[in-house]
Amino acid sequence: MNRIIAPSILSADFGRLADTIRMLDEADCDWIHFDVMDGTFVPPITFGAQMVAALRPLTKKPFDCHLMIEHPETQIEMFRDAGVERLTVHVEACRHLHRTLQEIRQADLCAGVAFNPGTPLNAAREVLELVDLILVMTVNPGWGGQEFIRSCLRKIQEARQMAPHHHVEVDGGIDAETVCEAANHGANVFVVGSYAFSGKPKERISKIRSALCKG
């Protein structure tokens with residue numbers, strides 16, 4: 001399965017997001033990741049569908065949108081219209097997870113389901129036919145720059161065993177070292193946030209790609 005690098009703009013300069021998207025368009029990444037937070041499901045507030053729509057014309061790279069919000073079912077059409085290709089919701093935020101995933105697929109989007117570090121994967125077993133991606137959070141969702149939780153490696157491995165043909169995505173604390181650990185346990189999609197933007201993103205993403213090749 002292809003290994004996909006998806007830099008998250010959460011750690012970018014919000015005053016220069018257009019420049020960031022153009023820069024990532026030229027980098028060796030596959031998707032661009034959007035962390036949408038509402039200040040309720042997680043403490044921070046980031047941005048919504050209008051900002052995603054404003055950035056969509058600047059690149060043809062797929063937009064991978066991670067909704068860390070309450071009531072994500074109310075936002076599906078707005079993010080579809082904004083131009084995202086895939087939409088991931090949290091099992092912890094969905095009272096009717098099966099229905100929400102159905103609605104994402106009915107909107108012609110790829111559907112993902114995300115799990116916080118303390119949440120077991122059992123709920124995904126009942127909805128695997130509706131998802132394209134399982135997102136294993138390797139930090140507690142919210143703030144960027146957190147340290148990778150290595151006990152989550154077991155969950156990554158479990159996700160791969162449970163869904164051998166699905167994307168298994170990891171988000172949180174990914175750098176040139178932890179990306180190899182995550183890959184070795186079965187992940188194939190890697191969200192890179194603070195590491196990518198703590199230097200020149202193009203160079204940092206290249207280091208991630210090189211580490212994956214060597215691993």
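Up top is the structure.
Report on the accompanying structure. Every chain's residues receive numbers from 1 upward, in the order its sequence appears when written. Reporting in this predicted model follows two pLDDT cut-offs: at least 70 for local features of residues, and 80 or more for side-chain atom pairs to be given and counted; totals over whole chains, interfaces and linings ignore these cut-offs and use all residues. Side-chain metrics rest on all non-hydrogen atoms present in the structure, leaving aside hydrogens and water.

## With respect to the sheet that holds strand β6 (residues 133–137)
Next up, step 1: An order of β1-β8-β7-β6-β5-β4-β3-β2 is seen for the 8 strands of this open sheet, with the pairing classed as parallel. The outermost strands of the open sheet, each flanked by one partner alone, are β1 (4–7) and β2 (32–37). Geometrically, the sheet is characterised by an average inter-axis angle of 25° between neighbouring strands, direction not taken into account.
Next up, step 2: Between any two strands, pairing holds if DSSP finds at least two bridges. Put simply, DSSP H or I for four residues or longer makes a helix, DSSP E for two residues or longer makes a strand, and each gets a number counted from the N terminus. The pairing of strand β7 (residues 167–171) with strand β8 (residues 189–192) spans 3 bridges and is parallel. Across the sheet, E169 pairs through a bridge with V189, a residue of β8.
Next up, step 3: Two residues qualify as a contact provided that any one of their heavy atoms is within 4.5 Å of a heavy atom in the partner residue. A fitted line through C-alpha atoms serves as each axis, taken over the contacting stretch for helices, and the angle formed by two N-to-C directions is quoted from 0 to 180°. Lying over the sheet, helix α4 (residues 97–106) contacts β4 (86–90) and β5 (110–115), oriented at roughly 145° with respect to β5.
Next up, step 4: On the sheet, helix α8 (residues 201–214) packs against β1 and β8 and is oriented at approximately 155° with respect to β1.

## Focus: the side chain of R86
Next up, step 1: Note that R86 resides in strand β4.
Next up, step 2: Buried R86, no salt bridge; nearest opposite-charge side chain is D64, N-O distance 4.2 Å.
Next up, step 3: Not counting the four nearest positions on each side in its chain, R86 is found in contact with W31, F63, D64, C65, C110, L133 and H167. Only protein chains enter the calculation, and the probe is 1.4 Å; a residue is then buried if its accessible area is under 20% of its type maximum, exposed if over 50%, and partly exposed in between. Within this scheme the basic residues Lys and Arg register as positive and the acidic residues Asp and Glu register as negative, but His and the chain ends are omitted. A side-chain nitrogen of Lys or Arg and a carboxyl oxygen of Asp or Glu constitute a salt bridge if their distance falls within 4 Å.

## Some points on the nonpolar core
Next up, step 1: In this structure, I9, F34, F79, L87, L101, I134 and F190 are the most contacted members of the largest nonpolar core, which totals 66 residues.
Next up, step 2: Counting 9 residues, the second-largest nonpolar core is a separate cluster that includes W31, L135, M137 and V139. For this analysis, a nonpolar core means a set of buried residues of the types Ala, Val, Leu, Ile, Met, Phe, Trp, Tyr and Cys, connected via side-chain atoms within 4.5 Å.

## Describing the side chain of S8
Next up, step 1: Relative to the assigned elements, S8 resides in the loop between β1 and α1 (17–25).
Next up, step 2: S8 gets classed as buried once you look at its relative accessible area, which sits at 1%.
Next up, step 3: Side chain to side chain, S8 and D35 meet in a polar contact 2.6 Å long.
Next up, step 4: Filtering out sequence-adjacent residues up to four positions away, S8 remains in contact with H33, D35, V191, V192, G193 and F197. Between N or O atoms, a polar contact is any pair within 3.5 Å; within protein, one atom must be a potential hydrogen donor and the other a potential acceptor, and residues adjacent in sequence are included only when both atoms are from side chains.

## Things to note about the pairing of β4
As a general feature of sheets, a regular strand has side chains that alternate between the two faces.
Next up, step 1: Of all 5 residues making up β4, 5 are buried, and the element is well covered by its neighbours.
Next up, step 2: Side chains of β4 alternate between two faces, with R86, T88 and H90 and L87 and V89 buried alike.
Next up, step 3: For strand β3 (residues 63–68) and β4, the ladder comprises 4 bridges, and the chain directions are parallel. Bridge pairing in β4 places D64 opposite R86.

## A look at the packing of aromatic side chains
Next up, step 1: Paired rings are identified among Phe, Tyr and Trp, the last through its six-membered ring, by centres lying within 6.5 Å, and are further divided according to the angle between planes into stacked (under 30 degrees), edge-to-face (over 60) and tilted (the rest). A full pass over the atoms with the stated rule returns 3 aromatic pairs.
Next up, step 2: Both rings, one in F14 and one in F47, keep their centres 5.9 Å apart while their planes meet at 55°; by these two values the pair is tilted. Placement of the pair is F14 in the loop between β1 and α1 and F47 in the loop between β2 and α2 (49–55), with a sequence separation of 33 residues.
Next up, step 3: On the numbers, 6.1 Å between centres and 90° between planes, the contact of F34 with F47 is edge-to-face. Taken together, the positions of F34 in strand β2 and F47 in the loop between β2 and α2 put the pair 13 residues apart, joining distant regions of the chain. Here F34 matches F47 in class, with each residue buried.
Next up, step 4: Members of the aromatic cluster, joined through ring pairs, are F14, F34, F47 and F63.
Next up, step 5: For the cation-ring pair, R86 lies above W31, with the distance from its terminal atom to the ring centre recorded as 4.0 Å. Only when the NZ of Lys or the CZ of Arg is both within 6 Å of the ring centre and within 35 degrees of the ring normal is a charge said to sit over the ring.

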